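Each chain, letter by letter, is given below.
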Amino acid sequence: MSLPSATLGTLIRHLIELLDGEVESAYVAAGLDWRPRYTPLLRALMRLGPVSIKTLALQIGISHSAVSQTVAQMRAARLLALRPGVDARERIVALTPKAVKMIPALQRQWAATNAAAAQLDAELSSPLSVLLDEAITALHQRPYGERIAAAAATLPDDASANP
């Protein structure tokens, strides 16, 4: 089902809703109190051990603010613990025993999710994972704001277009 007159942003948000909602439902069905947004942090902490929020943000590729918000949610769920870093501003993030205990069940869900993603990719004219990677690479090379500004510069002053 295609959304009528949907813009790129609307399509992306709708796709995320369709994917994340179902992934979260799969966690619930497996008896896991887990949100998809927790996964990148857990995977990074499994790989790196206790690290700063700044390091997590750099490793995951999302903003410091977004990592801080997710850390706060995971801490409230007793999945993460914080301790002071080398200076007063730095906080070191570590997994709690509760989170460590969940890892085997989460890894099973991740394997199922990856298999479902591969099935979805096989049904598309181009694999979604490849298109997303290409889009991210292109936007790192030339940010979307720069593209918008260049496009706006070519429009007549009285031009109106769908946002």
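Residues numbered from 1 in each chain as written. Predicted model: local features only at pLDDT ≥ 70, side-chain atom pairs only at ≥ 80, totals over all residues. Heavy atoms only, no water.

A. The pairing of strand 2 (residues 80-84), seen in detail. Note: strand 2 against strand 3 (residues 91-95), five bridges, orientation antiparallel. Each residue of the ladder has a partner; that of R83, found in strand 3, is I92. Where strand 2 folds back onto strand 3 in an antiparallel hairpin, the turn is made up of six residues. (Pairing = 2+ DSSP bridges. Helix = DSSP H or I, 4+ residues; strand = E, 2+ residues; numbered from the N terminus.)

B. Structural view of the sheet that holds strand 3. In spatial order, the strands read 1-3-2; together these three strands make up an open sheet with antiparallel pairing. Strands with a single pairing partner mark the edges of an open sheet, and in this sheet they are strand 1 (51-52) and strand 2.

C. Region of the structure containing the layout of surface pockets. Of the volumes computed, that of the largest pocket is approximately 1700 Å³. I16, L19, D20, L128 and L132 are the residues nearest the centre of the largest pocket, which is lined by 41 residues in total. At the level of elements, helix 1 (8-29), helix 2 (39-48), helix 3 (53-60), helix 4 (64-76), helix 5 (97-123) and helix 6 (128-141) are the ones that each hand at least two residues to the lining of the largest pocket. Ranked by residue count, the leading element in the lining of the largest pocket is helix 1, at eleven residues. A per-class count over the lining of the largest pocket returns 27 nonpolar, seven polar and seven charged. (1 Å grid on protein atoms, 1.4 Å probe; cavity = no way out; pocket = protein on both sides within 12 Å on 5 of 7 lines; lining within 4 Å. Points joined across faces, edges and corners; volume = space filled by probe spheres on them. Nonpolar A, V, L, I, M, F, W, Y, C, P; charged D, E, K, R; others polar.)

D. Focus on the environment of Q69. Relative to the assigned elements, Q69 resides in helix 4. Taking relative accessible area as the criterion, Q69 reaches 45% and is therefore assigned partly exposed. Taking C-alpha positions, Q69 is 37 Å from A153, a pair spaced 84 residues apart along the chain. (Buried < 20%, exposed > 50% of the residue type's maximum accessible area, 1.4 Å probe, protein only.)

E. Focus on the environment of S52. In this structure, S52 sits in strand 1. Residue S52 is classed as buried on the basis of its relative accessible area of 7%. Taking the C-alpha atoms as reference, S52 lies 14 Å from I62; in sequence the two are ten residues apart. With sequence-adjacent residues up to four places away left out, S52 is seen in contact with E90, R91 and I92. (Contact = heavy atoms within 4.5 Å.)

F. Quick peek at the packing of helix 1 against helix 5. Between helix 1 and helix 5, the shortest axis-to-axis distance is 11 Å and the interhelical angle comes to 145°. The element helix 1 and its partner helix 5 pack so that their crossing is right-handed. Where helix 1 abuts helix 5, its residues L19, V23, A26 and Y27 lie against L106, Q109, W110, T113 and L120. Taken together, the residues that form the contact of helix 1 with helix 5 break down as seven nonpolar, two polar and no charged. (Axes fitted to C-alpha atoms, helices over the stretch in contact; angles between N-to-C directions. Left-handed = near helix turned anticlockwise from the far one by under 90°.)

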